[in-house]
Amino acid sequence: MVSGLTEVAVGALSGWVYTLVKTDRERARALGIKSGGRIRQWHLDLIALGGLTAMGATAVPDLPSWVRWPLGVGAWTNAMAFLPLALEPEVEKHPGYRAAVAASFVSTSVGFTGMALVAARRARC
């Protein structure tokens, strides 16, 4: 719950960066932001994944650690993967970046699927 709500808060704060991109492109570029679209994705992913994580923790409390940890790590790393792309779009082609994103997707998939399985098991009991 705390991780998800913190991620939503960071997402809300990242809205200031997106506002800068939309209102002062020159200043954003001077700060190293090359892709405003990736800033938007970063902002929205933080809010979406944080909100879903917090909602999931409310709907399915006391998740086992095999669900809780991959979900928390994956939700954060999925969203944060857009920030490097905003600063250096070419990083997307780097094998290390691709491997990290793939690991993040696996982690998020395990977490959200695990949450659904735990909820289904509890509903049958």
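Refer to the structure above for everything that follows.
In what follows, the accompanying structure is described.

What counts and what doesn't
Residues numbered from 1 in each chain as written. Predicted model: local features only at pLDDT ≥ 70, side-chain atom pairs only at ≥ 80, totals over all residues. Heavy atoms only, no water. Salt bridge = Lys/Arg side-chain N within 4 Å of Asp/Glu carboxyl O. Helix = DSSP H or I, 4+ residues; strand = E, 2+ residues; numbered from the N terminus. Buried < 20%, exposed > 50% of the residue type's maximum accessible area, 1.4 Å probe, protein only. Expected span 1.5 Å × (residues − 1). Contact = heavy atoms within 4.5 Å. Axes fitted to C-alpha atoms, helices over the stretch in contact; angles between N-to-C directions. Parallel < 35°, antiparallel > 145°, perpendicular 65-115°, else oblique. Left-handed = near helix turned anticlockwise from the far one by under 90°. Nonpolar A, V, L, I, M, F, W, Y, C, P; charged D, E, K, R; others polar.

1. Overview of the pattern of salt bridges
A full pass over the atoms with the stated rule returns three salt bridges. We note a salt bridge from E92 to R38, for which the minimum N-O separation is 3.5 Å. Separated by 54 residues along the polypeptide, E92 in the loop between α5 (82–87) and α6 (95–124) and R38 in helix α3 (residues 36–59) bring together distant segments of the chain. Between E90 and K93 there is a salt bridge, with its nearest N and O atoms 3.2 Å apart. On the basis of relative accessible area, E90 is assigned to the partly exposed category, the value being 49%.

2. Quick notes on unusual backbone geometry
The backbone of D62 sits at a positive phi, close to 55°, despite the residue not being glycine. Within the fold, D62 resides in the loop between α3 and α4 (65–80). By relative accessible area, D62 is classed as exposed at 70%.

3. Concerning α3
Here α3 contains 24 residues, and its C-alpha end-to-end distance of 34 Å stays within 8% of the 34 Å for a straight helix at 1.5 Å per residue. Buried within α3 we find I39, W42, H43, L46, L49, G50, T53, A54, G56 and A57. Check the buried side of α3 and you find it contacts α1 (2–23), α4, α5 and α6.

4. Brief notes about the packing of α1 against α4
Running from amino to carboxyl end, α1 crosses α4 at an angle of 15°, the nearest separation of the two axes being 10 Å. The angle between α1 and α4 places the two elements in the roughly parallel class. Between α1 and α4 lies a crossing of right-handed hand. Touching S3, T6, E7 and V10 of α1 are G72, A75, W76 and A79, all from α4. Residues of the contact of α1 with α4, tallied by class, amount to four nonpolar, three polar and one charged.

5. Observations regarding the environment of A9
With respect to the helices, strands and loops of the structure, A9 is situated in helix α1. In this structure A9 comes out as partly exposed when scored by relative accessible area, which is 38%. Along the chain, A9 and G51 lie 42 residues apart, while their C-alpha atoms are 9.7 Å from each other.

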